[in-house]
Amino acid sequence: MSKPRSLALPPRTRAYRLLTARGSFAVLDTAPEGAPRGTALLLPGYTGSKEDFLALLGPLSEAGYRAVAVDGRGQHETPGPRGRAAYRRKALALDAVAQAAALGDGPVHLLGHSFGGLVARAAAQLAPDAFRSLTLLSSGPGRVARSQRVRVRALRTALALLSKERVWRATRWLDSRGEEPGASDPPEIVGFLRRRWMRTRIAQLAGAGRLLLGDPDGTAALAALPLPLHLAYGDEETVWPVPELAAAAARTGAHHTVVAGAGHSPNVSHPRELADRLTAFWDRAAQLSTGSAGAARSRRAARGAAPRGPAANG
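Before going into details, it helps to say that this report is about the structure given with it. (Residues numbered from 1 in each chain as written. Predicted model: local features only at pLDDT ≥ 70, side-chain atom pairs only at ≥ 80, totals over all residues. Heavy atoms only, no water.)

**So, empty space enclosed by the protein**
(1) Moving on: The tally for this structure, following the rule as stated, stands at one cavity of 30 Å³ or more.
(2) Moving on: Considered as a void within the structure, the largest cavity measures approximately 150 Å³ in volume.
(3) Moving on: As for the largest cavity, its lining consists of 14 residues, and the residues nearest its centre are Gly 72, Arg 73, Gln 75, Leu 92 and Val 119.
(4) Moving on: Counting only elements with at least two residues in the lining of the largest cavity, the list comes to helix H2 (89–103) and helix H3 (115–126).
(5) Moving on: Here the lining of the largest cavity gets four residues from one element, more than from any other, and that element is H2.
(6) Moving on: For the lining of the largest cavity, a count of residues per class yields seven nonpolar, five polar and two charged. (1 Å grid on protein atoms, 1.4 Å probe; cavity = no way out; pocket = protein on both sides within 12 Å on 5 of 7 lines; lining within 4 Å. Points joined across faces, edges and corners; volume = space filled by probe spheres on them. Helix = DSSP H or I, 4+ residues; strand = E, 2+ residues; numbered from the N terminus. Nonpolar A, V, L, I, M, F, W, Y, C, P; charged D, E, K, R; others polar.)

**Observations regarding the pattern of salt bridges**
(1) Moving on: Under the counting rule described, the total for this entry stands at 18 salt bridges.
(2) Moving on: A salt bridge links Arg 22 to Asp 95, with the nearest nitrogen and oxygen atoms 2.7 Å apart. Taken together, the residues span a long stretch of sequence, with Arg 22 in the loop between strand E1 (13–20) and strand E2 (23–30) and Asp 95 in helix H2 at a distance of 73 residues.
(3) Moving on: Arg 172 is paired through a salt bridge with Asp 185; the nearest N and O atoms lie 3.2 Å apart. Here Arg 172 is found in helix H5 (residues 164–176), whereas its partner Asp 185 is found in the loop between H5 and helix H6 (187–199), with 13 residues between them in sequence.
(4) Moving on: The exposure class of Arg 172 is partly exposed, given its relative accessible area of 21%.
(5) Moving on: In the salt-bridge network here, residues are joined through shared partners; they are Lys 50, Glu 51, Asp 71, Glu 77 and Arg 199. (Salt bridge = Lys/Arg side-chain N within 4 Å of Asp/Glu carboxyl O. Buried < 20%, exposed > 50% of the residue type's maximum accessible area, 1.4 Å probe, protein only.)

This is how it looks when you write it as structure tokens:
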């Protein structure tokens, strides 16, 4: 779970409901400072929300990008159905495609953090012409690490047996055991985390957990995408094994960013460094033409020609 350090909205940010062909979604939409260089759609992870990108929105805006963070269906401030079928991979992917179209800026740069990366992969495979590029942030092309699978199974079981309030208290206690003695979150952050947890649909948590547990290796499908591809993560990543992420970057020819000192949420811990790496990648991706089959082939060739290995360490 990502945990924002502040809930203050960056300058030029609006919170509203984005109307799409598949319903309305709660978003944080940050306008670019100066001449616009592009638009990015940011998808949050498991148990997360659009607020996980608050620290990143400002630096992206300052670099000239419109950045739109969204609550997916059933997440936090976006309502969602109670049925499990509503949270299947294709349904979530179609949501992301509809969100990109509703922004009205043509193809957008798509970024998925953690579980959001799984959704972003599916959306890019479903409608590649809707996107200028794909970035997987702290998100691999297959199942999460074994220790994380244990946690997800435990959470899904607890939600089936206990009230959300009791599960919330248990997860807070477990999370606190990994913190330094005396460390505590400000009351406003604790209050936000609880509200987010209580507002998120149980069906969304169960459905997303199921996808994380059973996600097949998608490396080959990633390599076949006609889009510039970027894998970014911290060198202290724990949800997906770092060697597997590095191997996926090498096998797909993806642009590869490793943020030194960052864990599972560089968007929270290293937002300015991450923004620099993202915008440099997006600037290169935007130089490629988009929209036609021939352009798609050229994008694939350009990505394959990109140098492999870490592009950012520090």
